[in-house]
Protein chains: 2
Amino acid sequence: MKNIQHLTNSDFLEMEQRNRTRLINSLSGFKSINLCGTISKDGVTNLSLISSVVHIGANPALMGFIMRPVTVRRDTYNNILESGHFTFNHLNAEIYKKAHQTSARYPIAVSEFEATELTEIFSETIKAPYVAESHIRIGLNFVQKIPIPLNDTILMIGKVAEIFFPKTALGADGYLDIAAAESITSSGLDAYHSTQKLGRLSYAKTDKKVSEI
Amino acid sequence: MKNIQHLTNSDFLEMEQRNRTRLINSLSGFKSINLCGTISKDGVTNLSLISSVVHIGANPALMGFIMRPVTVRRDTYNNILESGHFTFNHLNAEIYKKAHQTSARYPIAVSEFEATELTEIFSETIKAPYVAESHIRIGLNFVQKIPIPLNDTILMIGKVAEIFFPKTALGADGYLDIAAAESITSSGLDAYHSTQKLGRLSYAKTDKKVSEI
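First, a word on scope: everything that follows refers to the structure included in this document. What you see is a predicted model; the values in this text were computed from it and never measured.

1. Focus: the interface of chain B and chain A
Right, on to step 1. With 109 residues of chain B at the interface, the matching set in chain A holds 109 residues.
Right, on to step 2. Buried area between chain B and chain A, both sides added, is near 9500 Å², and the carbon and sulfur share of it is 64%.
Right, on to step 3. When the buried surface of chain B facing chain A is broken down by residue, B:Leu27, B:Phe30 and B:Leu198 rank first, second and third, together holding 8% of it.
Right, on to step 4. Viewed at the interface, chain A and chain B are joined by six salt bridges.
Right, on to step 5. One salt bridge in this structure joins A:Asp173 and B:Arg22, with 3.8 Å as the shortest N-O distance.
Right, on to step 6. At the surface where chain B touches chain A, the tally comes to 53 residue pairs in polar contact (both at pLDDT 80 or more).
Right, on to step 7. It is strand 11 (residues 153–166) of chain B that contributes the most residues to the side of chain B that touches chain A, 11 residues altogether.
Right, on to step 8. Looking at the side of chain B that touches chain A residue by residue, the class counts come to 53 nonpolar, 37 polar and 19 charged.
Right, on to step 9. Here strand 13 (residues 191–200) of chain A pairs with strand 13 (residues 191–200) of chain B via nine bridges, running antiparallel. If you follow A:Gly199 over to strand 13 of chain B, its bridge partner there is B:Tyr192.

Shown next as structure tokens:
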């Protein structure tokens, strides 16, 4: 690659704030993008768009995400703490515009499901709504919040209680083909991308080169 | 989607361990995949493949990743604590096989750069190696580690000190087009994917539908 640009921390500080936010949000690479479903104690369902979902561990099955500072009303945060449950719902190309629309600041009494015409469904296990149009749906029990004092964000952690996915997407070795299930990815604050598989690679060993599996 | 499969936590526990690990690692969606560059106090450079990089905040510019339990030797962990520096280097289709190869357990005296024939380069700011073949390179100062007692993992947080990227990838509004820079994404433990942009969407407001920008 030619024409490499080099920016330092002091360059960031000189940038217009929203431009800096866009740039820094682009650095972490392609993101896991999910609709997080919750329900309030008054029974109002909520959806929020979360691009910071991260694998924490497989056994127990733990997933986390970064909650922004709760200096303003955060329905997702309040609902998770009150109900103890939340769902992650993978985005696909059919619903990504509706999913993005959920990030508008709707009043507390308005469900993002109604506002964006996504369909809520419930399971018997999890007291939080799933998005019917999502092909991979994950129900979680909230287990812990870990403050990040550096910028007042919070690492929220849930334990996977149940999952729903297209039967054909699960391989014999446990690999869930999320591309075959039409899940998409995001970058920055507002870009969405479909994917094409380059390949799966063998478990790496020091004495031989990895190969496609 | 037809033929939806439903699995619960008790199903996970009945799975063969590596299959369960593959499945649960697939749930978080497409991942940010980076080579993390560090250097030991003895001057041995190290690369490790990290699929849990997450945006923590834009101002200050903070990025994090989940470090697995340090019950075995973790060169990356030790090097970050000792040097205070690390780099993230986006993967692209040209280097993903070499990048995957770095996850083999090389002896402490062997640099993954040499073992996999990736090229190390240094900046004047960061005491950690960059991967020359990577098109988006980020240098970070280590700022904090936050234990996750649930499974003995650790959230490692760094502050972005400098970045290198193709000049043409940066838009006037601050959006860094990581797809144009040929960055790729990963899923599960071993799958790699290129991407195709679906679109960027306007800032969501309650009184109008989002549109492509």
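2. What to know about helix 3 (residues 75–83) of chain B
Right, on to step 1. Turning to helix 3 of chain B, its buried residues are B:Asp75, B:Thr76, B:Tyr77, B:Asn79, B:Ile80 and B:Ser83.
Right, on to step 2. Contacts made by the buried residues of helix 3 of chain B are with strand 3 (34–39), strand 4 (45–50), strand 6 (61–67), strand 7 (85–90), strand 10 (137–148) and strand 11 of chain B.

3. Quick notes on the environment of A:Ala104
Right, on to step 1. Within the fold, A:Ala104 resides in the loop between helix 4 (96–101) and helix 5 (112–116).
Right, on to step 2. C-alpha of A:Ala104 to C-alpha of A:Leu49: the two residues are 55 residues apart in sequence and 9.9 Å apart in space.
Right, on to step 3. Beyond its immediate sequence surroundings of up to four residues, A:Ala104 is in contact with B:Ala204, B:Lys205 and B:Thr206.

4. Description of the relation of the copies chain B and chain A
Right, on to step 1. Once chain B is rotated about the relating axis by 180° and shifted along it by 0.0 Å, it coincides with chain A to within an RMSD of 0.0 Å. Here the transformation between the copies is reduced to the relation of a two-fold axis. Distance from the rotation axis, computed per C-alpha, reaches its smallest value in chain B at B:Thr195: 2.1 Å.
Right, on to step 2. The residues that chain B uses at the interface reappear at the interface of chain A in 100% of cases, marking a shared surface.

5. Structural notes on unusual backbone geometry
Residues and elements named next belong to chain A.
Right, on to step 1. In this model, Asn-59 is joined to Pro-60 through a cis peptide bond whose omega is 5°.
Right, on to step 2. Inspection of the secondary structure assignment puts Pro-60 in the loop between strand 5 (54–58) and strand 6 (61–67).
Right, on to step 3. For Glu-117, which is not glycine, the phi torsion reads 60° and is therefore positive.
Right, on to step 4. For Glu-117, the location among the structural elements is in the loop between helix 5 and strand 8 (120–121).

6. Some details on the packing of aromatic side chains
Residues and elements named next belong to chain A.
Right, on to step 1. For the coordinates displayed, the defined rule picks out 10 aromatic pairs over all chains.
Right, on to step 2. Ring centres 5.2 Å apart and planes at 45° place the aromatic pair Tyr-96 and Tyr-192 in the tilted group. Pair noted here: Tyr-96 is in helix 4 and Tyr-192 is in strand 13, with a separation of 96 residues, a long-range link.
Right, on to step 3. By relative accessible area, Tyr-96 is classed as buried at 5%.
Right, on to step 4. Among the aromatic residues, ring-to-ring pairing joins Phe-65, Phe-86 and Phe-88 into one connected group.

About the cut-offs
- Residues numbered from 1 in each chain as written.
- Chains lettered and ligands numbered in written order.
- Predicted model: local features only at pLDDT ≥ 70, side-chain atom pairs only at ≥ 80, totals over all residues.
- Heavy atoms only, no water.
- Contact = heavy atoms within 4.5 Å.
- Buried area = accessible area lost by both parts, 1.4 Å probe.
- Salt bridge = Lys/Arg side-chain N within 4 Å of Asp/Glu carboxyl O.
- Polar contact = N/O pair within 3.5 Å; in protein donor to acceptor, adjacent residues only side chain to side chain.
- Helix = DSSP H or I, 4+ residues; strand = E, 2+ residues; numbered from the N terminus.
- Nonpolar A, V, L, I, M, F, W, Y, C, P; charged D, E, K, R; others polar.
- Pairing = 2+ DSSP bridges.
- Buried < 20%, exposed > 50% of the residue type's maximum accessible area, 1.4 Å probe, protein only.
- Least-squares fit on C-alpha atoms with pLDDT ≥ 70 in both.
- Phe/Tyr/Trp six-rings, centres within 6.5 Å; stacked < 30°, edge-to-face > 60°.

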